[in-house]
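Overview (structure and organization)
Chain by chain, the residues run as shown.
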Amino acid sequence: MSQAVCILGATGSIGQSTLKILQRHPEAYSVYAVTAQSRIAELVEICKQFRPKIAVVPAFKVDELAQLLKQQQLSEIEILPDEAGLIAVAEHPEVDIVMAAIVGAAGLLPTLAAVKAGKRVLLANKEALVMSGDIMMQAARDHGALLLPVDSEHNAIFQCLPANYFDAERNGQPKLGVQQILLTASGGPFLNHTFDQLQTVTPAQACKHPNWSMGQKISVDSATLMNKGLELIEACHLFAVKEQFVTVVVHPQSIIHSMVQYVDGSTLAQMGNPDMCTPIAHALAWPERISTHVAPLDLFVHSQLNFQQPDTQRFPALKLARQAMQQGGIAPAILNAANEIAVAAFLHEKITFIQIPQIVEYTLNSMDNRTADQLEVILQADRQARDIARQFVVNKGS
Ligand code: NAD
Ligand code: MG
C-alpha cells in the first residue's frame, strides 16, 4: 500500500531531493502535503507534478498561491497558512511519513508535532533537535514515533550501529560494544584558508561547497564548521551518548559519511557518492532499500581518502558547540539562535565571516544557563539569544 508523505520545506534542497526519490517510486509513496516559505512559483510546479491534497505557505502568500493554482486548474488543493498550517499537515491523520526539511528553528514546532503524532519522521532539520534534544527524543519514545536521521553523517552512523542499539538503555554511554562515533566533516570550502584569508571571504565563496549542493544557511554553517558543531549535538541526542564519545574527523572527499568504532578493534564506515538522495531513500524505506539514481561508488576514481584533525583555532564554532553540549540546558538553543542571526547577517554582508563565531560566543556568555525541560523555556531562550545577537550585529557589524 502506498504511503502518504508530508514534505515540510518542499522547495528547499532537501525537499527537492525528496521529491526526486518519490517521483521514482510512485507506487510506494504519494505526496499528501507540501510547504514553502517563498518561491511560490516553484511550489506550484511541485503541485502540478505531485498533486498534493494540501499546500502550506505564509498567510501573505495565500492569495498568490490560490491564484496560480486556479490558473493550473488545481483549485482542489487546500491551502493552509503559517505555522498552524505546518503543524496541521505534520500531524495530519492521513500522513504516514513527514520529511522535516525546513531550515532553522522555524522547523521546531512542526517537527515536534509530527513526532507527537507518532509519525515516521525523516529528520533533516537538525536545528530543531539541537534546540530541543531531550524533549524531542522523549516525545519520540512516548508517542512511538520513528525518528530517522537524514543528515548524511547521522544516517551513516545509524547504518553502522547494531540493529538493536535503540532498544538498549540510554545513559550517555555507548553500548553493545560501540566505543566511539567518528563524525566526518568535509572541512568546507575554506579548509586550507589561513586566519587572515578567512577575514575577507564573501557569502558567495562560503556558499560554494566543494562536494555538496545545499541551501545557503547550511552552506555557511559548513564553511564555519558550525554545521559539524550542530551535528555533534545532533549525534549526542540521536544516539544517546555524551559528547566525549563523538570525535570529529576531517575527511575532505566526503566519501565516508561517518563511522562507528567497536571495542574489538572494528571500525564500520558507510560510504557513497555525496548525494543526499541516498540518506533520504534510506530513511524513507528503512529497514528496506529502494533504488536511487545515485551512481555506485567507484573506488578506482576515488582512490585517495584523507583524514585530519579539525582546527578549532581557525574554526572556533566547533569548540563552541562542544562546550554548549557539555553545558547542556538551554546552551545549545542559544548557540543555534545566535548562529542563525549571525549567518543571516553575514549573508546580508552586515558582518564578516569571522564575526559569526564571535557573535555566538558573545551571546552564549551573555545568558545564564537553565534546564531545558520545558518547550517554553527553550523558545524563550531562542528569542532572547536572537535579541542579543541582533544587538551585536548592530553595534559591531560593519
Ligand atoms: P533550503 O534553504 O534549501 O530549504 C529550506 C526550506 O524551508 C524551503 O522549502 C523554505 O521555503 C523553507 N523555509 C525556510 N524558512 C522557513 C520558515 N521560516 N518557515 C517555514 N518554512 C521555511 O535548506 P536545505 O539545504 O534544504 O536544508 C533544510 C534542512 O536540512 C536544514 O536544517 C539543513 O541543516 C538540513 N540538511 C540539509 C542538507 C543539504 O544537503 N541541503 C544536508 C543535511 C541536512
Ligand atoms: Mg551533514
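Residues numbered from 1 in each chain as written. Chains lettered and ligands numbered in written order. Predicted model: local features only at pLDDT ≥ 70, side-chain atom pairs only at ≥ 80, totals over all residues. Heavy atoms only, no water.

1. Some remarks on the sheet that holds strand 2 (residues 29-35)
The cut-off we apply is this: A pair of strands is considered paired only if DSSP assigns at least 2 bridges between the two. Secondary structure elements follow DSSP: runs of H or I no shorter than four residues count as helices, runs of E no shorter than two count as strands, and numbering proceeds from the N terminus. What counts as an axis is a line fitted to C-alpha atoms, over the stretch in contact for a helix, and the angles between N-to-C directions run from 0 to 180 degrees. Any two residues whose heavy atoms approach within 4.5 Å at even a single point are treated as in contact.
Read across the sheet, seven strands follow the order 4-3-2-1-5-6-7 without closing on themselves; strand pairing throughout is parallel. Looking at the sheet topology across the chains shown, the edges are occupied by strand 4 (78-81) and strand 7 (146-149). Across the sheet, the mean angle separating the axes of adjacent strands is 25 degrees when strand polarity is ignored. The strands that helix 1 (residues 13-24) touches are strand 1 (3-8), strand 2 and strand 5 (97-100); relative to strand 1, the one it contacts most, it runs at about 160 degrees.

2. Digging into the side chain of lysine 217
Put simply, the rule reads: Relative accessibility thresholds used throughout: buried, under 20% of the residue-type maximum; exposed, over 50%; partly exposed, between the two (1.4 Å probe, protein chains only). We call two N or O atoms a polar contact when they sit within 3.5 Å, provided that within protein one can donate a hydrogen and the other can accept it, with sequence-adjacent residues counted only if both atoms are side-chain atoms.
Checked against the element boundaries, lysine 217 lands in helix 10 (residues 216-224). Of the residues examined, lysine 217 reaches a relative accessible area of 12% and is grouped as buried. Side chain to side chain, lysine 217 and glutamate 127 meet in a polar contact 2.9 Å long. The contacts of lysine 217, once residues within four sequence positions are left out, are Val103, Glu127, Leu230, Asn336, Asn339, Glu340 and Val343.

3. Here we look at the UniProt feature "domain: DXP reductoisomerase C-terminal" (unreviewed entry) in the protein
This is how it is decided: UniProt positions are given in the numbering used here, feature names are shortened, and annotations may be inferred rather than shown by experiment.
UniProt feature "domain: DXP reductoisomerase C-terminal" (unreviewed entry): in the numbering of this structure it lies at residues 271-387. The distance from the first to the last C-alpha atom of residues 271-387 is 41 Å, and the span holds 53% helix and 1% strand.

4. Focus: helix 12 (residues 277-285)
Helix 12 sits mainly inside the fold: eight of its nine residues count as buried. All of the buried residues in helix 12 are Cys277, Pro279, Ile280, Ala281, His282, Ala283, Leu284 and Ala285. Residues of helix 12 that are buried in the fold lie against helix 1, strand 2, strand 5, strand 6 (120-123), strand 7 and helix 7 (152-160).

5. Here we look at the pattern of salt bridges
Where charged atoms of side chains with opposite charge meet at close range, the side chains can pair. To be explicit about the condition: By convention in these notes, a salt bridge is any Lys or Arg side-chain nitrogen within 4 Å of a carboxyl oxygen on Asp or Glu.
Under the counting rule described, the total for this entry stands at 15 salt bridges. Note that lysine 61 is salt-bridged to glutamate 64, the shortest N-O span being 3.9 Å. The buried category is assigned to lysine 61, whose relative accessible area is 19%. Here the salt bridges do not stand alone but share partners, grouping Lys126, Asp151, Glu153, Lys228 and Glu231 into one network.

6. Details of the coordination of the magnesium ion (ligand 2)
To keep things clear, this is the line we draw: For Na, K and Ca the donor cutoff is 3.2 Å, while for all other metals N, O and S atoms must lie within 2.8 Å; water is not among the atoms, so some sites may look incomplete.
Note on the magnesium ion (ligand 2): its protein donors are Asp151 (OD), Glu153 (OE) and Glu231 (OE). The metal-donor distances range over 2.1 to 2.2 Å. Each donor residue of the magnesium ion (ligand 2) belongs to the same chain, and together they define the spacing D-x1-E-x77-E. One end of the pair, glutamate 153, is in helix 7; the other, glutamate 231, is in helix 11 (residues 226-239), and 78 residues separate them in sequence. With respect to burial, glutamate 153 and glutamate 231 carry one shared label: buried.

7. Some points on the sheet that holds strand 11 (residues 267-271)
As a general point, the strands of a sheet are linked pairwise by backbone hydrogen bonds and lie either parallel or antiparallel. Taken in spatial order, the four strands of this open sheet run 9-8-10-11, and their pairing is mixed. Of all strands in the sheet, those with a lone pairing partner are strand 9 (246-250) and strand 11, marking the two edges. Taking the axes of each pair of neighbouring strands and ignoring which way they run, one obtains an average angle of 20 degrees across the sheet.

8. Focus on the site of ligand 1
Our working rule: Neighbouring residues are identified by heavy atoms, a residue being near a molecule or strand if any of them is within 4 Å of it. Using a 1.4 Å probe, the Shrake-Rupley method yields the accessible areas, and only the shown protein chains count as cover for residues.
Around ligand 1, the structure places 23 residues, and the nearest of them are Thr11, Ser13, Ile14, Glu127 and Gly215. Glycine 12 is positioned such that a nitrogen or oxygen atom in its backbone is 3.1 Å from an oxygen atom of ligand 1. In isolation ligand 1 has 830 Å² of accessible area, and contact with the protein removes 86% of it. Secondary structure elements with two or more residues in the shell around ligand 1: helix 1 and helix 6 (126-143).

9. Remarks on helix 14 (residues 331-347)
Convention followed: Take the residue count of a helix, subtract one, and multiply by 1.5 Å to get its expected span.
Taking 1.5 Å as the rise per residue, helix 14 with 17 residues should run 24 Å; its terminal C-alpha atoms sit 24 Å apart, in good agreement. With 15 of its 17 residues buried, helix 14 lies for the most part within the structure. Just beyond helix 14, the residue with positive phi is glutamate 349, at close to 60 degrees.

10. Side note on the packing of helix 2 (residues 40-50) against helix 3 (residues 62-71)
What counts here: Any angle that is under 35 degrees is reported as roughly parallel, and any over 145 degrees as roughly antiparallel; angles of 65 to 115 degrees are reported as roughly perpendicular and all others as oblique. Handedness of each helix crossing follows the sense of rotation of the near helix against the far helix: counterclockwise by less than a right angle gives left-handed, clockwise gives right-handed. In this classification, Asp, Glu, Lys and Arg are treated as charged, Ala, Val, Leu, Ile, Met, Phe, Trp, Tyr, Cys and Pro as nonpolar, and every other residue, Gly included, as polar.
Relative orientation of the contacting elements helix 2 and helix 3 amounts to 40 degrees, with a least axis distance of 10 Å. By the angle class used here, helix 2 and helix 3 are oblique. With respect to the hand of their crossing, helix 2 and helix 3 are arranged in right-handed fashion. Here helix 2 contributes Ile40, Leu43, Val44 and Cys47 to the contact with helix 3, which in turn contributes Glu64, Leu65, Leu68 and Leu69. Tallied by class, the residues present in the contact of helix 2 with helix 3 amount to seven nonpolar, no polar and one charged.

11. Focus on the packing of aromatic side chains
This is how the line gets drawn: Pairing of aromatic side chains here covers Phe, Tyr and the six-membered ring of Trp, requires ring centres within 6.5 Å, and sorts the geometry by plane angle: under 30 degrees stacked, over 60 edge-to-face, intermediate tilted. Definition used: whenever NZ (Lys) or CZ (Arg) falls within 6 Å of the ring centre and also within 35 degrees of the ring normal, the charge is taken to sit over that ring.
Considering all chains together, one arrives at seven aromatic pairs under this definition. Between the aromatic rings of phenylalanine 166 and phenylalanine 239, the centroid separation amounts to 6.2 Å while the plane-to-plane angle is 55 degrees, which identifies the pairing as tilted. In this pair, phenylalanine 166 sits in the loop between helix 7 and strand 8 (178-185) while phenylalanine 239 sits in helix 11, placing the two residues 73 residues apart along the sequence. Consider the rings of phenylalanine 190 and phenylalanine 353, whose centres lie 5.2 Å apart with planes at 85 degrees: the pair is edge-to-face. With phenylalanine 190 in the loop between strand 8 and helix 8 (195-198) and phenylalanine 353 in the loop between helix 14 and helix 15 (355-366), this pair connects stretches of sequence that are 163 residues apart. We classify phenylalanine 190 as buried; its relative accessible area is 3%. Three or more aromatic residues joined by ring pairs make a cluster, and in this case those are Phe158, Tyr165, Phe166, Phe239 and Trp286. Cation over ring: lysine 396 sits above tyrosine 362, and NZ or CZ is 5.5 Å from the ring centre.

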